[in-house]
Structures are given as C-alpha cells and as structure tokens.
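So the chains spell out like this:
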Amino acid sequence: MDHVGFMWSNQADTAGRGAEEIAVSAALGALDMLRSGVTAAIDHYPEQNCAAEDVGPLARAYAGIGMRAAIALRVFDRAYDDIDPARVDGVELSIDRDLGDNPLAPLPIDEIAAVCEEAADAWHGHGGLVSIMPGPSNPIRCSDEMLVRCHGIAAARDLGIHTHLLETRIQRTLARERYGRTMVAQLDALGILDRRWSLAHTVWVDGDDIDLLARRKAVVVHNPHSNSKIGAGIAPVARMLAKGVPVALGTDGASTNDTLSIHEAMSLALLLPRIAGVPRADWPGAAAAFDMATRGGAAAFVSGPRLGAIEAGAAADLVLYDLDAPSLAPLNDPLQQLVFAERGRAVRGVLVAGKIVYRDGSFASADAEAAIRAAKGMRESQTARNRALHRFAEALEAAQERAAG
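From a predicted model like this one, the values you see are computed outputs, not experimental measurements.

Conventions adopted
- Residues numbered from 1 in each chain as written.
- Predicted model: local features only at pLDDT ≥ 70, side-chain atom pairs only at ≥ 80, totals over all residues.
- Heavy atoms only, no water.
- 1 Å grid on protein atoms, 1.4 Å probe; cavity = no way out; pocket = protein on both sides within 12 Å on 5 of 7 lines; lining within 4 Å.
- Points joined across faces, edges and corners; volume = space filled by probe spheres on them.
- Helix = DSSP H or I, 4+ residues; strand = E, 2+ residues; numbered from the N terminus.
- Buried < 20%, exposed > 50% of the residue type's maximum accessible area, 1.4 Å probe, protein only.
- Pairing = 2+ DSSP bridges.
- Axes fitted to C-alpha atoms, helices over the stretch in contact; angles between N-to-C directions.
- Parallel < 35°, antiparallel > 145°, perpendicular 65-115°, else oblique.
- Left-handed = near helix turned anticlockwise from the far one by under 90°.
- Contact = heavy atoms within 4.5 Å.
- Salt bridge = Lys/Arg side-chain N within 4 Å of Asp/Glu carboxyl O.

A. Up close: the layout of surface pockets. Its boundaries defined by the atoms lining it, the second largest pocket holds a volume of some 360 Å³. Secondary structure elements with two or more residues in the lining of the second largest pocket: helix H1 (3-14) and helix H7 (169-179).

B. Up close: the pairing of strand E9 (residues 347-352). Counting buried positions over the 6 residues of E9 gives 5, a clear majority of the element. Relative to E9, strand E8 (residues 318-321) runs antiparallel, the two sharing 4 bridges. Bridging from a neighbouring strand, Tyr321 pairs with Val347 of E9. Bridge analysis of E9 against strand E10 (residues 355-359) gives 4 bridges, and the strand direction is antiparallel. When the bridges of E10 are listed, Gly349 appears paired with Arg359. Count of turn residues in the E9/E10 antiparallel hairpin: 2 residues, of which Ala353 carries a positive phi of about 55°.

C. Region of the structure containing the packing of helix H14 (residues 286-299) against helix H15 (residues 334-341). In the contact formed by H14 and H15, the axes pass within 9 Å of each other and the chain directions differ by 70°. What the angle tells us is that H14 and H15 run roughly perpendicular. Crossing hand, H14 versus H15: left-handed. Contacts from Ala286, Ala287, Ala289 and Phe290 in H14 reach Leu335, Gln336, Leu338, Val339 and Phe340 in H15.

D. Local environment of the sheet that holds strand E3 (residues 130-136). Taken together, the 3 strands give an open sheet; going across it, the order is E1-E2-E3, and neighbouring strands pair in parallel fashion. Here the strands that pair on one side only, and so sit at the sheet edges, are strand E1 (40-45) and E3. Strand-to-strand, the axes of this sheet are offset by a mean angle of 20°, without reference to chain direction. Note: E1 against strand E2 (residues 68-75), 6 bridges, orientation parallel. Counterpart to Ile42 in the pairing with E2 is Ala70. Docked against the sheet, helix H6 (residues 144-157) engages E2 and E3, running at close to 160° with respect to E3.

E. The sheet that holds strand E6 (residues 219-222), seen in detail. Overall, parallel pairing links the 4 strands, which are arranged E4-E5-E6-E7 in an open sheet. This sheet does not close on itself; its edge strands, each paired only once, are strand E4 (161-165) and strand E7 (247-249). Each strand axis lies, on average, 30° off the axis of its neighbour in the sheet, ignoring direction. In this sheet, strand E5 (residues 197-201) lies alongside E4 in parallel orientation, the contact comprising 5 bridges.

F. Geometry of the pattern of salt bridges. Inspection of the entire model under this criterion finds 18 salt bridges. Residues Asp211 and Lys243 are paired through a salt bridge, measuring 3.4 Å at the closest nitrogen-oxygen approach. Remark: Lys243 occurs in helix H11 (residues 237-243) and Asp211 occurs in helix H9 (residues 207-216); sequence separation between them is 32 residues. What makes Asp211 partly exposed here is its relative accessible area of 24%. Residue Arg295 is joined to Glu311 by a salt bridge in which the shortest nitrogen-to-oxygen separation is 3.9 Å. With a gap of 16 residues between them, Arg295 in helix H14 and Glu311 in the loop between H14 and E8 connect regions that are remote in the sequence. A cluster of three or more residues bridged by salt bridges with shared partners is formed by Asp158, Arg195 and Arg196.

Everything listed is a geometric property; what it means functionally is a separate question.
Okay, structure coming up:
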C-alpha cells in the first residue's frame, strides 16, 4: 500500500473516534514505546482536524501512563490535494461522488487557531509531562496565513511546531506548482522557518533546502521504517548530518510503521544510506544514530525540561538495560550493540521524571492493563462506524492494484 492508499485506510480506522477510543489508542502506543526504552514522543494528532474535545483524553492518557509527550494538534485549512485519488493514474474514484462525507474537509482559520490556543492554555504542562504544539498536517495542506498563525501561537507561548514535510514526490510537485519554489523555501520566505519546527519525513528536499534547514536549525524527524514501507523514498540524512541539520529519529505511527521500537529505527537509519549508494566515507555511524534518537529527539521538543542526555540539570528520563542479555553480553562496544544488536528486549527499567514507570515486564500505572482489555473490544465498533470510508479505501486499493498490473 502506497501513501495515498495508506492515508485513506487510516481515515477509515480513525475518523469519528470517541474519548475512550482516543485514550486507549494513546495508552497502547505509550506502553509499547516505554517497554522498548522510549521515554518521550511527539504525537501528531488526530488524523483529522483537531477539535477542542479531542485534546483532554489524549493528555490524560499520556500523563496517566507516565510517559512524556508533546501533542501536536493536527490542523489544516486547505484540501489534501496530495492524496486525491483523482491524481492517481488509472484510478477513477471521486471523493465527492464515491465518498461524500469527507473527514478531511478543511476548517476556517479562526476556528483552528482558537482550538490551538485553548488547548495550549488548558493542557500544556499537564501532569508535568504533556506539552502542546500547533501541528500543521502538512504545509501543502495549509494556506500561508494558517502557517503564519501557527508560528505566531507557538512563538507567543514558547512552543514547538510539528508538521509532515515533503514525505512524497507529489508534495514536492504541488509546492513548486503553487509557489514556484520548494516548500522549504516558501516557509523561509514567510519568515517562519526556525528552531521551533520539527519536520517529519523531509524526504524530497534538494541541496538548497538542506542548506536552509541547517541555517535555520529546524529539526528534521527521520522515519526510516514508514518511508520504506509505503515506498515514499529515502531521506538524504547523510547529507543533512554533514551540513549540520539537527536530525531526530522517529518511528512514525504504529498504523504505518507497525513497530514503535526506536532501536529498530536506529539500525535502519544507518542501513538505508548504504543501500542508497551513499559513499562509504559518508556513512553515518552508530554514534550518529544514537544521537538522533536522544539529543536529536530532545531538540524537537523545544520547551519544557532538558531532555536527551544524562547530566546535571537534565530531566531524570532514564532507561536501564540488562547487560547480561544476549544482545549486550559481552559488552564489547556499547553503541554498536545498542544500535545494531539490541531491539528493546534488554530493557529492564524505565524512569520518566525520576519515577519508575516500567520495571521487569510490568507497568507502574493501573491504566496499562485496562487499556489492553478495552482495546480488544473496539475493532468491531470502529469498522461499523466508518463503513463508507472502509469501502472507499478498499476500492482505492483495488483500483491501484489493477492499474499496477
């Protein structure tokens, strides 16, 4: 399934969720990350435009589990032209004709801005673990005014901004058609490209884009698994690191990546440049991958306690490994083994803000078992609620398969 097919399948799975579904989904993701040694994550949420009532269930879920999270409120005021089936060769599906009720219908800018401001005022700092960010879905799905408003909200409150940038080739094409320049250059022309931005994917960038990102210190969030799985491309991470672009490492969502293991992401992030033909002298090494997963990720959070390092004054977010585990015994080269051998199975303890949240296979929060029980009964109701979306996504996938021969 490519990016277009995945996005519509994901709408079918997520549109119209209630508070309990939101909380359970977040809790399951947090549990999966904690047990493999992830203490903090940016959650670009929801899959549709964010409403005020969507924020509380998510913030409470993360705080209840005890995981640090930056909730990037997904917003957009333009159409998702990049996943319009009408643009896919050999596919004769229309959103208006064959779906009708589009969950990705844009909202007015003032309504979007009000949600971001209210959520930041109400939930930023919740439980000492939750931060809020404006989260433009993708700059190509936002007007210039919307992007400037998001940056203004973030700057006024010292927040980060998160977006999906240039994940696919069509997004690059649309930006050039619309602006006569790259999307990175357009953000810079608006005067808003700076350290506040964390830019997921950033696959389809050129050399000038990379130079701009380095100068402005915007953080690229590399997601090697999801980009590979849906065939989006390989981000030029080796060139970014060589130019001094801050790079964080992500796993994207479980819906596209399946695994939330940062260890697997570290390994694949180093293997892809070698497969892509990057000269051996320019291959990033284990230290670079570890830095992307720790200090790089911390840079994407912007505000709040100091993260990503074990040092005086930093938050006590710590992961404890069993050095007798097969992947780490004997400990010949810690970085090489953590990146290439370990997959999270040696994690024995996780502390967030100095509190033990995971230890020897058990979670400290009572919410953990409840979330797992609740999740088992939700699939049927989700499918029933979004039958039209499921039919549309299935028809799209079938049409793409026929077109591909």
